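Listed here are the chains, written in short residue letters.
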Amino acid sequence: MSPDWVVIPAQNEAATIADVVAAVVQTGAKVVVVDDFSSDDTATLATAAGAIVLSLCSPLGAWGATQTGLRYVHAKGAQKVICMDADGQHPVSAISTLFLAQVQTGSDLVIGSDPSRGSWQRKLAWAWLRMLSGESLRDLTSGFRCCGPKALEHLVSADISLLNYQDMGVLLSLKRAGLTITEVPVEMGPRGEGASRIFASWWRVGLYLMETTALTLAMRRMR
Amino acid sequence: MISYQLTSIAIAIVVAAMILYLVRRNRLQGQHSLWWIGVALVVVLLAAVPNIVDRAATLFGVSYPPTLMLVIGFAALLIKLVAMDLERTQQERRIRRLVQRVALLEAKLKDNGSPDL
């Protein structure tokens, strides 16, 4: 059992994009690569590897790019869609695991999570955000996801176009809309090339944490 | 020595003239021009009738009238700043949706066999 659509946001991922796209195309899925204003050959390589490429004329970040892909497949009438990173850390073989988990659990969003990955800083950040949000998800930043129809419908709306990161804001927005989220353990590989866009420097981590903290507090469900 | 009233009327006139000039030159439009014209009017009013502040201070129980002026002015600036950020947010949302839509439309064009833009 495999999904019809796979969305891959990519910014300057020329080193890995061709392999990732080719591997996903092999599974029979239609691949949509959203080129987030890359300055390298990402778009050309992705097209050559068999992907439909959407090119952004201004950088929107990982979430803005992903949402573009979601809008595309939504307009094409997709019911379910897989989102994954372009850097090769998400194993293509796990796509069917995620998809199957979505079908079996009926969850609106299934996250492929690997809490073992990442530095202690990342784990500390996760623990902090988990505490603030009151949610029990283990891997908060994973971009490896399967959206069901309701989640897809929710995620294409203009209300969440302003998010700067794809993690907490997206998850809390789904939760607040009453949608369900399930995590499935997935063993992620090392990043093929390049580092995390967020966990790259202390300055960016600080900005990310402060912004996400404010967002989490603002979106927290009243109880 | 020039009187206090003359100084403030001069300032008010300069502010008002500047705003009208900017509107005339299409540099400042819509609700923005309204706010700043309002500011110019208030400055003119305060210049023309300076004892308004004193009376208002007495009314609100403020013993040192200039404080009232500063507090109100500061509050107005804060409100204006928040309003500006609200608007910037709105614009940012529109720009992002537009960038996404351009990408979607380009893909559609390509689907229909149009050459690359």
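Here, every reference points to the structure presented above.
Residues numbered from 1 in each chain as written. Chains lettered and ligands numbered in written order. Predicted model: local features only at pLDDT ≥ 70, side-chain atom pairs only at ≥ 80, totals over all residues. Heavy atoms only, no water.

Colleague: I would appreciate a short explanation of the overall build of chain A in the present structure.
Modeller: For chain A, the helix and strand inventory stands at eight helices and seven strands. Its C-alpha atoms give chain A principal-axis dimensions of roughly 50 × 40 × 30 Å. Taken across its 223 residues, chain A has 51% of its residues classed as buried. By sequence separation, contacts in chain A at least 24 residues apart represent 74% of the contacts at least 6 residues apart. For chain A, the exposed area adds up to about 9,600 Å²; of that, 56% sits on carbon and sulfur atoms. (Helix = DSSP H or I, 4+ residues; strand = E, 2+ residues; numbered from the N terminus. Buried < 20%, exposed > 50% of the residue type's maximum accessible area, 1.4 Å probe, protein only. Contact = heavy atoms within 4.5 Å. Areas by Shrake-Rupley, 256 points an atom, 1.4 Å probe, with all protein chains shown as cover.)

Colleague: How should helix H4 (residues 65–111) of chain B be read in this particular structure?
Modeller: The periodicity of an α-helix, 3.6 residues per turn, causes residues three or four positions apart to be oriented the same way. For H4(B), spanning 47 residues, the distance from its first C-alpha to its last is 69 Å, which sits close to the expected 69 Å at 1.5 Å a residue. Inspection of H4(B) places Pro65(B), Leu68(B), Lys80(B), Arg96(B), Arg97(B), Val99(B), Gln100(B), Ala103(B), Leu104(B) and Ala107(B) among the buried residues, and these make up the whole buried set. In this fold, the buried residues of H4(B) make contact with strand E3 (52–55) and helix H3 (61–75) of chain A together with helix H2 (30–48) and helix H3 (51–60) of chain B. (Expected span 1.5 Å × (residues − 1).)

Colleague: Looking at this structure, how should I read H3(A)?
Modeller: All names here are of chain A. In a regular helix each residue adds 1.5 Å, so 15 residues correspond to 21 Å; H3 covers 21 Å between its end C-alpha atoms and thus fits that length. Summarising burial for H3: twelve of the 15 residues are buried, a large majority. Buried within H3 are the following residues: Gly61, Trp63, Gly64, Ala65, Thr66, Gln67, Thr68, Gly69, Leu70, Arg71, Tyr72 and Val73. Of the residues trailing H3, Gly77 is marked for its positive phi of about 90°.

Colleague: Before we go on, may I ask you to explain the interface of chain A and chain B in this structure?
Modeller: Think of interface size as the accessible area that goes away when the parts come together; that is how it is often given. Residue-level contacts link 20 residues of chain A with 14 residues of chain B. Summed over both partners, the interface of chain A with chain B buries about 1,600 Å², with 57% contributed by carbon and sulfur atoms. When residues of chain A are sorted by the area they lose upon contact with chain B, Leu60(A), Arg71(A) and Leu162(A) head the list and together hold 40% of the total. In this assembly, chain A and chain B are joined by one salt bridge. Between Lys76(A) and Asp111(B) there is a salt bridge whose closest N-O contact spans 3.1 Å. In this structure, the connection of chain A to chain B is made through eleven residue pairs in polar contact (both at pLDDT 80 or more). Where the side of chain A that touches chain B is concerned, the elements lending two or more residues are E3 and H3 of chain A. Ranked by the residues each element gives to the side of chain A that touches chain B, the list is headed by H3(A), at five residues. (Buried area = accessible area lost by both parts, 1.4 Å probe. Salt bridge = Lys/Arg side-chain N within 4 Å of Asp/Glu carboxyl O. Polar contact = N/O pair within 3.5 Å; in protein donor to acceptor, adjacent residues only side chain to side chain.)

Colleague: Can you help me understand the side chain of Gln67(A) in this one?
Modeller: Checked against the element boundaries, Gln67(A) lands in helix H3. Polar side-chain contacts of Gln67(A) include one of 3.0 Å to the backbone oxygen of Ser157(A). Contact partners of Gln67(A), with chain neighbours within four places excluded, come to Leu155(A), Val156(A), Ser157(A), Ile160(A), Ser161(A), Arg97(B) and Gln100(B).

All we've got here are geometric facts, nothing functional implied.
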